[in-house]
Amino acid sequence: MAGKTLYDKLWDSHVVREESDGTCLLYIDRHLVHEVTSPQAFEGMRLAGRKLWRDSSVVANPDHNTPTKDWDKGIEDPVSRLQVETLDSNIKEFGALVYFPFKNVNQGIIHVIGPENGTTLPGMTVVCGDSHTSTHGAFGALAHGIGTSEVEHVLATQTLIAKKAKSMLVKIDGVLGAGVTAKDVALAVIGRIGTAGGTGYAIEYAGSVIRGLSMEGRMTVCNLAIEAGARSGMVAADDKTAAYLKGRTHAPKGANWDAAVEYWKTLHSDADAVFDAVVEINGAEIQPQVTWGTSPEQVLPIGATVPDPSKETDPTKRTSIENALKYMGLTANMPISDIKLDKIFIGSCTNSRIEDLRAAAGVIKGRKVASSIALALVVPGSGQVKRQAEEEGLDKIFTEAGFEWREPGCSMCLAMNADRLAPGERCASTSNRNFEGRQGPGGRTHLVSPEMAAAAAIAGHFVDIRSQA
Amino acid sequence: MKAFTQVHGLVCPVDRANIDTDAIIPKQFLKSIKRTGFGPYLFDEWRYTNYGEPGMDCSTRPLNKDFVLNQPRYQGAQVLLARDNFGCGSSREHAPWAIDDYGFRVVIAPSFADIFFGNCYKNGILPIVASAEMVDQLFAECFANEGYKLNVDLESQTVTLPSGASFKFDITPHRKHCLLNGLDEIGLTLQHADAIKAFENKHKATQPWLFA
Ligand code: SF4
């Protein structure tokens, strides 16, 4: 019999019961909760008179609606404020292991605070009413987004009704070139398989490039699994995983730590495991990526030119290109490096960890944001990231260059708070979605790595980071 | 949950691939703490020419006349027809809530994003995967014939075209059972509370750190 994949191991170790059609009841270890997708779930619990199954599984925090400046003024928008206050009262009523209310020193994006507090651990099932829950798969966990009805189901039963997905191995071997980051790897994968390429699959990222990435880098890669259509992305646990977790607030301690580390060593695909699909990519061929359209699969290397719809033979694809160019205000065949920017956003659960900020600061140090840039924002992923960056003096590097240094949160990743693009404005963003209107109605988003965003801020247009060294 | 048995409904063709949940219901409407009232804001940025805000009275907003949903011939549609990868992007259940609140009961596309697909069932909406050729045919027939209706029957898992031709669709027995009977999944799962407890105790014994 063939060996097991990491996904098999994680799945099998959480099946409570299985029905004849393969539908399983899957036990959930960690439930991350934020203000946007939870109010209706708590309301449903209340209406049905149900109790939370296990409050020690819940880690919660508002992030989508919270402002990133003038915290002393509170949340100005009354609708946003109500949503955040509703989370406060729901957690108070139902309980949680960790709750960082608005303005708490540790508050941040839920996908940043889970790992940094040691509440995301290898071997866990992790869910959240948020599609970027795939981020936590970087720890050798089975992590994926769920809808609000499922949030309620997990709150009430600690389980999820689920059917096993197919497995896909994305193997990236070789060595990354200088200036090529985890973000570029993730975008290149999406460019290769498309935004629906991973639909129905759980992706395991492997190969020397992935092994070589830091935990932050692996989180960036897994974060973007959902943009390739896969609900979950994962990376086998290894020494780096354990080293990252050691000593974190909720990581196991003492004898439990040793036992945990022993167990985590089993969390990898067996050598003879068989995947339903395998994608192999040569890491050395990956170049810094820039999205030009309104879907993450509309991505190209920095040296490329904007696609020409007249050269596309598939009519649906041609229309997609035409629509995207029109929305993005770009002309076919123009070099990507000619694209001029209005705003720069460094942040989001994709790229707002300390390593991302260090990388961006490294590019910016001693230089100035171009005068044509209306606003350049750095929004750290969490209070902890912010403090760490300030200890290292990164905030100074950013502010001296002309960036604004803000309070943590989702911010302009989805523009539910005051940070947003005006219609027609163009942004180099380290976030994960370049959908129409994502960063503000009519706003135009180009997804890039922190280094590429930083270099674009200085130049006022995209530049090949490799020419900046 | 609302039960679904059969729908004989007008079809509205939204001829685009990769329709994401941000397009289905833009984020400003996610600030609501309710499950209802999203229908008027379905496809908000395509449907109106001004910027929508939660609580706005949509009856007075300027409509984008080119958008299919606004064309008189599609008013009252219950079947939404779209292209590949419908519902990609954010996991927001506000997307199926908006689709349901607008009055759609069925979405037909060649493929769906996973989370959206699952969310539909939880809200009494039937997502149907049809072959790309069939979807092409449905679009063509729908554009050519005003008042184009499909008959969707869950029990027999069949969609019948006006011509009498039909095709079958897949659904897992569990989902079909819940949808046909409008069952509350949480209540069903809690019938297995003892099994969950037993699993939890065993899990705790082997990985105590997960419960620390
Ligand atoms: S940073 Fe963006 S993608 Fe991440 S959780 Fe917040 S809104 Fe979602």
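Residues numbered from 1 in each chain as written. Chains lettered and ligands numbered in written order. Predicted model: local features only at pLDDT ≥ 70, side-chain atom pairs only at ≥ 80, totals over all residues. Heavy atoms only, no water.

1. Considering the overall build of chain B
Helix and strand counts for chain B stand at 8 helices and 7 strands. For the C-alpha atoms alone, the extent of chain B along its principal axes is close to 65 × 45 × 25 Å. Per-residue burial for chain B yields a buried fraction of 57% across its 212 residues. Put simply, of all contacts in chain B between residues at least 6 apart along the chain, 63% involve residues at least 24 apart. In the form shown here, chain B has an accessible surface area of approximately 8,300 Å², with 51% of it arising from carbon and sulfur atoms. Distance between charge centroids for chain B: 5 Å, based on 21 positive and 24 negative side chains. (Helix = DSSP H or I, 4+ residues; strand = E, 2+ residues; numbered from the N terminus. Buried < 20%, exposed > 50% of the residue type's maximum accessible area, 1.4 Å probe, protein only. Contact = heavy atoms within 4.5 Å. Areas by Shrake-Rupley, 256 points an atom, 1.4 Å probe, with all protein chains shown as cover. Lys, Arg positive; Asp, Glu negative; His and termini not counted. Charge placed at Lys NZ, Arg CZ, Asp CG, Glu CD.)

2. Concerning the state of the cysteines
For the structure shown, the criterion picks out 0 disulfides over all chains. The structure places no disulfide on cysteine 222 of chain A, whose sulfur is separated from the nearest cysteine sulfur, that of cysteine 349 of chain A, by 12 Å. For cysteine 222 of chain A, a relative accessible area of 0% puts it in the buried group. You can see cysteine 58 of chain B has no disulfide; the closest cysteine sulfur is in cysteine 12 of chain B, sitting 17 Å from it. (Disulfide = S-S within 2.5 Å.)

3. What about the sheet that holds strand 6 (residues 158–160) of chain B?
All names here are of chain B. Strand order in this open sheet of 7 strands is 4-3-2-1-5-6-7, and the pairing throughout is mixed. The open sheet has two free edges, formed respectively by strand 4 (126–129) and strand 7 (166–168), since each of these has just one partner strand. When the angles between neighbouring strand axes are averaged without regard to direction, this sheet yields 25 degrees. Sheet topology places strand 1 (residues 6–13) next to strand 5 (residues 149–153); 5 bridges connect them, and they run antiparallel. By the bridge assignment, glycine 9 is partnered in strand 5 with leucine 150. (Pairing = 2+ DSSP bridges. Axes fitted to C-alpha atoms, helices over the stretch in contact; angles between N-to-C directions.)

4. Side note on helix 2 (residues 39–48) of chain A
Buried within helix 2 of chain A are the following residues: Pro39, Gln40, Ala41, Phe42, Gly44 and Met45 of chain A. Buried residues in helix 2 of chain A make contact with strand 3 (30–33), helix 3 (78–94) and helix 5 (148–157) of chain A together with helix 3 (94–102) of chain B. Phi turns positive one or two residues past the end of helix 2 of chain A, at glycine 49 of chain A, with a value near 65 degrees.

5. Overview of the pairing of strand 19 (residues 444–447) of chain A
Residues and elements named next belong to chain A. Burial of the side chains of strand 19 extends over both faces: Arg444 and His446 are buried on one face and Thr445 and Leu447 on the other. Here strand 18 (residues 426–429) runs beside strand 19; their pairing, made up of 4 bridges, is parallel. When the sheet's bridge partners are listed, cysteine 427 is paired in strand 19 with threonine 445.

6. Some details on empty space enclosed by the protein
One pass over the full model with this rule turns up 2 cavities of 30 Å³ or more. Taken together, 24 residues make up the lining of the largest cavity; nearest its centre are His64, Asp130, His132, Leu414 and Arg438 of chain A. Of the residues that constitute the lining of the largest cavity, the class distribution is 8 nonpolar, 11 polar and 5 charged. In this structure, the second largest cavity occupies an estimated 120 Å³ of space. Lining the second largest cavity we find 13 residues, and of these Ile226 and Gly229 of chain A together with Cys88, Gly89 and Ala113 of chain B sit closest to its centre. (1 Å grid on protein atoms, 1.4 Å probe; cavity = no way out; pocket = protein on both sides within 12 Å on 5 of 7 lines; lining within 4 Å. Points joined across faces, edges and corners; volume = space filled by probe spheres on them. Nonpolar A, V, L, I, M, F, W, Y, C, P; charged D, E, K, R; others polar.)

7. Structural notes on the nonpolar core
Counting residues in each nonpolar core, the largest one holds 77 residues, and the members touching the most others are Met168, Val170, Ile172, Tyr205 and Trp264 of chain A. Broken down by element, this core gets its largest block of residues, 8 residues, from helix 6 (residues 182–193) of chain A. Excluding residues within four positions of it along the chain, methionine 168 of chain A makes contact with Ile193, Gly197, Gly198, Tyr201, Ala202, Ile203, Glu204, Phe275, Ala277 and Val279 of chain A. Counting 63 residues, the second-largest nonpolar core is a separate cluster that includes Tyr41, Phe43, Val107 and Ile128 of chain B. (Core = buried A, V, L, I, M, F, W, Y, C linked by side-chain atoms within 4.5 Å.)

8. Concerning the layout of surface pockets
Of the pockets and cavities examined, the second largest pocket occupies roughly 1,000 Å³. Contributions of two or more residues to the lining of the second largest pocket are made by helix 1 (6–12), strand 7 (142–145), strand 8 (159–162) and strand 10 (201–206) of chain A together with helix 4 (114–121), strand 4 and helix 6 (173–181) of chain B. Of the residues belonging to the lining of the second largest pocket, the class tally is 21 nonpolar, 9 polar and 10 charged.

9. Observations regarding the interface of chain B and chain A
Taken together, the contacts link 53 residues of chain B with 74 residues of chain A. Summing both partners gives a buried area of about 5,200 Å² for chain B against chain A, and 59% of it is carried by carbon and sulfur. Between glutamate 436 of chain A and arginine 16 of chain B there is a salt bridge, and its shortest N-O distance comes to 3.6 Å. Counting every contact that joins chain B to chain A gives 27 residue pairs in polar contact (both at pLDDT 80 or more). (Buried area = accessible area lost by both parts, 1.4 Å probe. Salt bridge = Lys/Arg side-chain N within 4 Å of Asp/Glu carboxyl O. Polar contact = N/O pair within 3.5 Å; in protein donor to acceptor, adjacent residues only side chain to side chain.)

10. What to know about the sheet that holds strand 12 (residues 277–282) of chain A
Residues and elements named next belong to chain A. In space, the 4 strands of this open sheet follow the order 11-10-9-12, with parallel pairing throughout. With partners counted over all chains shown, the strands left at the sheet margins are strand 11 (232–234) and strand 12, one partner each. Averaged over all pairs of adjacent strands, the angle between strand axes in this sheet comes to 20 degrees, irrespective of strand direction. Bridging between strand 9 (residues 166–173) and strand 10 involves 6 bridges; their strand directions are parallel. Counterpart to leucine 169 in the pairing with strand 10 is glutamate 204.

11. A look at the site of the ligand
Residues and elements named next belong to chain A. In the vicinity of the ligand, the residues found are His64, Ile109, His111, Asp130, His132, Ser348, Cys349, Cys410, Cys413, Leu414, Asn432 and Arg438. Of the pockets mapped on this structure, the ligand occupies the largest cavity. Its residues assigned to classes, the shell around the ligand comprises 5 nonpolar, 5 polar and 2 charged. (Near = heavy atom within 4 Å. Sits in = over half its atoms within 2 Å of the grid points.)

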